[in-house]
Amino acid sequence: MNSIRRYLFRTLALSLALITVLSVTATYLITNHELEEILDAQLSLTAREIMSFLPDQPTPLDYRRLAERLDQGDASARLYPASGITSQTSVHLPSARLYHHEERKLTIGLWDNQARPLVVGPRWHSSDESIAAPQSEGFSWIEYQGKRWRSLTVFDAQSDLWLRLGIEYHFLEEIVERVALNHLWPMLLLLPLALAMMLYLIRRGLDPIHQLSRQVHDRNADDLSRITLPVPQELHDLRSALNEFIVRLDKTLERERRFTADAAHELRTPLAAMKIHLDNAEAGERDALPKAQRGIARLQRVVDQLLTLARVDRKQFADWQHLDLRPLLFELVAESWPLAEARQQQLHMHDIPSVYIDGNAVELGILIRNLLDNALRYTPDGGRIDVALHQDNSGTTLTIQDSGPGIPEDQLTTVTERFRRASDQSTTGSGLGLSIAMALAARHGAILSLTNAERGGLIVRLTWPSAQMS
Amino acid sequence: MRALLVEDDPLLGDGLKTALEREGYAVDWFQQGGNALEALKREPFSVMVLDLGLPDMDGLDVLSEVRRSGSLPVLILTARDAIDQRIRGLDAGADDYVLKPFELQELLARLRVIRRRAAGRASQTIHLGRLSIDEASHQVTWQGQAVELSRREFALLAELAHQPGQVLSRPRLESLLYGWGAELESNALEVHVHHLRKKLDRSLITTVRGIGYRLNIEAVETP
């Protein structure tokens, strides 16, 4: 990813350059247009002035005088035969001079009513060719010897003459260019300033991002409080996403802390019990030794389950196979049979169909054995446990129902957490069996749910949403 | 010496009760904090052993409830070993803190210490004139001579010696010695008093007729 600062700076600088170019071009075009209008107006005023001074019937002398006045020193006007003077074609005055060097770009011509040239000012004639005769009135562009002229042509009815005034285009162009350039220079000179300001403003605008990262970076690892730094609107989402993440992290860590505390409790309590019963045995208590043995059995169970949980948590997908639940179930129930018999419990299996699922036989064994074990342990002597497997639209469901005390409704959801067990049960367990079952079920794409039966007892359902009957 | 034991684990609770009783305590054992608090309102106890992980309420809440009502010495028994947990326990008013698993002898010694501290004594031996009672070794000497006492006799003498001169009522003494709900012979207390008078001195324990007994300070002080 590119840096936002670099992106903003580059694009803004480019935009600025583009705007400069556009602005200069617009200035050029507008100035060009406006100047053309001013010059056109100037031409028409000059034409009016000249016409007002023209006599009704100009004599050859009048044309000659005009030709003399038009003499610019280095270039002279030309008299044509139609003016009545045939002896000289160009008139030179010793006193003629150029008032201004730009005068060369302005000139004038007179034609009679048959469009024969009378007097044509400097620049509009050469030795062999004069500018074309006027044909119609109005403003027009004229090409003459490679130069463009803006011209106004009028016919003066009083003197019966065509009058044409012209300004060389180059003159106009030069003015326009100068105006446009004069506009460009300040912009070019201000460009470094504009770029520096942009850099500063971009840096300032992006500062809240730096502040936010600094606050996150400087945070103590134990500090899981929310980020309260005021941020601009655009960063609100980022901040709340960070805060949500912190909350999730806090919850996970809290769960870990509780797990450690619970594990300590589950391991140390049987140890403490064992020690004290051994002390009692030493002091001569007769039934203390079997009690110490019970402590050892409990400790062993907790250790076994913790190790199982650690293995389940490692998430290895070894030996995944397509296997039939039916023989597995029979095997597991047969395994539990002696336990049930010892406590006069009835262990029932309903017709179990063949259902193939993908999974690991050992892990499925641990999962179902845990559920059966729970059912047997929490069912009183002489109770009943029903195992059934059936299929419907929602998938395949293994149901284990016992006639035990069930679980208080408010604890149904928390009892699958590690080390949670229903509070008022006298049977001791590590509180890990259900969380192991939960983890294994999730790995096998199955859903484990607990409900209390209406007539008492717990119903445990293990549902594979997609399993197929063979 | 009557102990209130609050421990939800059946196996550990059972073992502790046996061990404390062997030490001469009358033990009332509860698995839930609420029941223990109820008992505390009705009965006198010398010391409390409290587990923190209880099913119905947090042990620390039980502790603050106990602290609100009195100065019963409380020893916390727990698997929670984090330092901040211990600090919280002690700040909540526990007199001592023992981690599971523990040595029984250490637990008993700590119980003696917190009881002694509650009684405002620095030594574990009670010296009263010609009488001295060592609570750790259960040794009693009278005028410099060691006297052999049974467990109950020792407990009765210790209770009287803890509050010399004070009249302790019959029901209170009975419950301190035997615990709540214990079946006892109607004259069990008289038998113990009779034995103590015989083994030590006739005038040592005064009968306050119809009410109870007290340790006669004058008889202890002057030969």
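Because the structure is a prediction, the values reported are computed rather than measured.

Asks: What should I look at first to understand the overall build of chain B in this one?
Replies: Check the secondary structure of chain B and you find nine helices and 12 strands. Of all 223 residues assigned to chain B, the portion counted as buried reaches 52%. Considering only intrachain contacts with a sequence separation of at least 6, the fraction spanning at least 24 residues in chain B is 57%.

Asks: When you look at a positive patch on the surface in this model, what are you seeing that I'm missing?
Replies: Taken together, the side chains of Arg5(A), Arg6(A), Arg10(A) and Arg203(A) present a region of like positive charge at the surface. For the positive patch, the element with the most residues is helix H1 (residues 4-53) of chain A, which contributes three residues.

Asks: Can you help me understand the confidence of the model for chain B in this one?
Replies: Should the pLDDT be low somewhere, the predicted coordinates at that spot are not to be read in detail. Residue and element names in this part refer to chain B. Averaged over all residues, the pLDDT of chain B equals 85, while 97% of them reach at least 70. Summarising per-element confidence for chain B, the mean pLDDT is lowest in helix H9 (residues 217-221) (79) and highest in strand S1 (residues 2-6) (93). Among the prediction metrics, the complex's ipTM stands at 0.71, with pTM recorded as 0.56.

Asks: Would you mind going over the sheet that holds strand S11 (residues 205-208) of chain B with me for this structure?
Replies: Two orientations exist for strands paired in a sheet by backbone hydrogen bonds: parallel and antiparallel. Residues and elements named next belong to chain B. Pairing is antiparallel across the open sheet formed by three strands, whose spatial order is S10-S12-S11. Both edges of this open sheet fall to strand S10 (168-169) and S11, since each of them pairs with a single strand only. By the bridge criterion, two bridges tie S10 to strand S12 (residues 212-215) in an arrangement that is antiparallel. Bridge pairing in S12 places Leu168 opposite Tyr213. The strands that helix H8 (residues 188-199) touches are S11 and S12; relative to S11, the one it contacts most, it runs at about 145°.

Asks: Can you walk me through the packing of helix H1 (residues 10-22) of chain B against helix H5 (residues 104-119) of chain B in this structure?
Replies: Working note: a packed helix pair is described by the angle between its axes plus the distance between those axes. All names here are of chain B. As a packed pair, H1 and H5 sit with axes 11 Å apart at the nearest point and diverge in direction by 60°. When the axes of H1 and H5 are compared, the pair comes out oblique. Along this stretch, H1 crosses H5, giving a crossing that reads as right-handed. Of H5, the residues touching H1 (which contributes Leu16, Ala19, Leu20 and Arg22) are Leu104, Leu107, Leu108 and Leu111. Class assignment of the residues belonging to the contact of H1 with H5 gives a composition of seven nonpolar, no polar and one charged.

Asks: Which parts of the structure should I look at to understand the interface of chain B and chain A?
Replies: Quite often, the size of an interface is put as the accessible area lost when its parts meet. If you look at the interface, chain B gives 21 residues, while chain A gives 20 residues. When the two sides are added together, the surface that chain B and chain A hide from each other amounts to roughly 1900 Å², 60% of it contributed by carbon and sulfur. If you sort the residues of chain B by the area they bury against chain A, Leu11(B), Arg22(B) and Pro101(B) come out on top, with a joint share of 30%. If you look at where chain B meets chain A, you find three salt bridges. Applying the counting criterion to the chain B and chain A interface returns nine residue pairs in polar contact (both at pLDDT 80 or more). In terms of residue count, the dominant contributor to the side of chain B that touches chain A is H1(B) (nine residues). Grouping the amino acids of the side of chain B that touches chain A by side-chain chemistry returns 10 nonpolar, three polar and eight charged.

Asks: Help me understand the environment of Ala146(B), please; the structure alone is not making it clear to me.
Replies: Residues and elements named next belong to chain B. With respect to the helices and strands, the residue Ala146 is situated in strand S9 (residues 145-147). Taking the C-alpha atoms as reference points, Ala146 and Ser132, 14 residues apart in sequence, are found 9.5 Å from one another. Apart from residues lying up to four places away in sequence, Ala146 is in contact with Gln139, Val140 and Thr141.

Asks: Where do I start with the packing of aromatic side chains in this structure?
Replies: Aromatic ring pairs: the centre-centre distance and the angle between the two ring planes describe each pair. Residue and element names in this part refer to chain A. Under the definition given, this model contains three aromatic pairs over all chains. When the ring of Trp124 is compared with that of Trp149, the centres are 5.7 Å apart and the planes differ by 70°; the resulting orientation is edge-to-face. Here Trp149 lies in strand S5 (residues 147-156) and Trp124 lies in the loop between strand S3 (117-120) and strand S4 (138-144), a separation of 25 residues in the sequence. Stacked on the ring of Trp141, the Lys or Arg Arg148 has its end atom at 4.3 Å from the ring centre. One cation-aromatic arrangement involves Arg148 over Tyr169; the distance from NZ or CZ to the ring centre is 5.4 Å.

Calculation notes
Starting from 1, residues in each chain are numbered consecutively following that chain's sequence as written. Note on labels: chains are lettered from A, ligands numbered from 1, in written order. Selection of residues for local features in this predicted model requires a pLDDT of at least 70, selection of side-chain atom pairs for listing and counting requires 80 or more, and totals for whole chains, interfaces and linings are taken over all residues. Computation of side-chain values: all heavy atoms of the structure, hydrogens and water removed. Only DSSP runs of H or I covering at least 4 residues are called helices, and only runs of E covering at least 2 are called strands; the numbering of each starts at the N terminus. When accessible area is computed with a 1.4 Å probe and restricted to protein chains, residues below 20% of their type maximum are described as buried, those above 50% as exposed, and intermediate ones as partly exposed. The contact definition used throughout considers only heavy atoms, calling two residues in contact when any of these lie within 4.5 Å. Nonpolar side chains (Val, Leu, Ile, Met, Phe, Trp, Tyr) within 5 Å and like charges within 9 Å form the patches, drawn only from residues with over 30% relative accessible area and no salt bridge. For accessible areas, the Shrake-Rupley method is used with a probe of radius 1.4 Å. Any residue's cover is judged against the shown protein chains and nothing else. Whenever Lys or Arg places a side-chain nitrogen within 4 Å of a carboxyl oxygen from Asp or Glu, that contact is recorded as a salt bridge. As used throughout, the charge tally considers Lys and Arg to be positive and Asp and Glu to be negative, leaving His and the chain termini uncounted. The location of each charge is read from NZ of Lys, CZ of Arg, CG of Asp or CD of Glu. Scored between 0 and 100, pLDDT is the confidence that the predictor attaches to each residue. The criterion for strand pairing is that DSSP finds at least two bridges linking the strands in question. Note on geometry: axes are C-alpha line fits, over the in-contact stretch for helices, and angles between N-to-C directions span 0 to 180 degrees. Angle categories are assigned with fixed cut-offs, so that under 35 degrees is roughly parallel, over 145 is roughly antiparallel, 65 to 115 is roughly perpendicular, and the rest are oblique. Each crossing gets its hand from how the near helix is turned against the far one by less than a right angle, where anticlockwise is left-handed and clockwise is right-handed. Three classes are used: nonpolar for Ala, Val, Leu, Ile, Met, Phe, Trp, Tyr, Cys and Pro, charged for Asp, Glu, Lys and Arg, and polar for all others, with Gly counted as polar. Once two parts are put together, the accessible area they lose, assessed with a 1.4 Å probe and summed over both, is termed the buried area. Whenever a nitrogen or oxygen atom comes within 3.5 Å of another N or O atom, the pair is scored as a polar contact, on the condition that within protein one atom can donate a hydrogen and the other can accept it, and that pairs from neighbouring residues in sequence are kept only if both atoms are in side chains. Under the pairing criterion, centres of Phe, Tyr and Trp rings, with the six-membered ring standing for Trp, must be within 6.5 Å; the plane angle then separates stacked pairs below 30 degrees from edge-to-face pairs above 60, leaving the rest tilted. Any Lys NZ or Arg CZ found within 6 Å of a ring centre and within 35 degrees of that ring's normal is scored as a charge over the ring.

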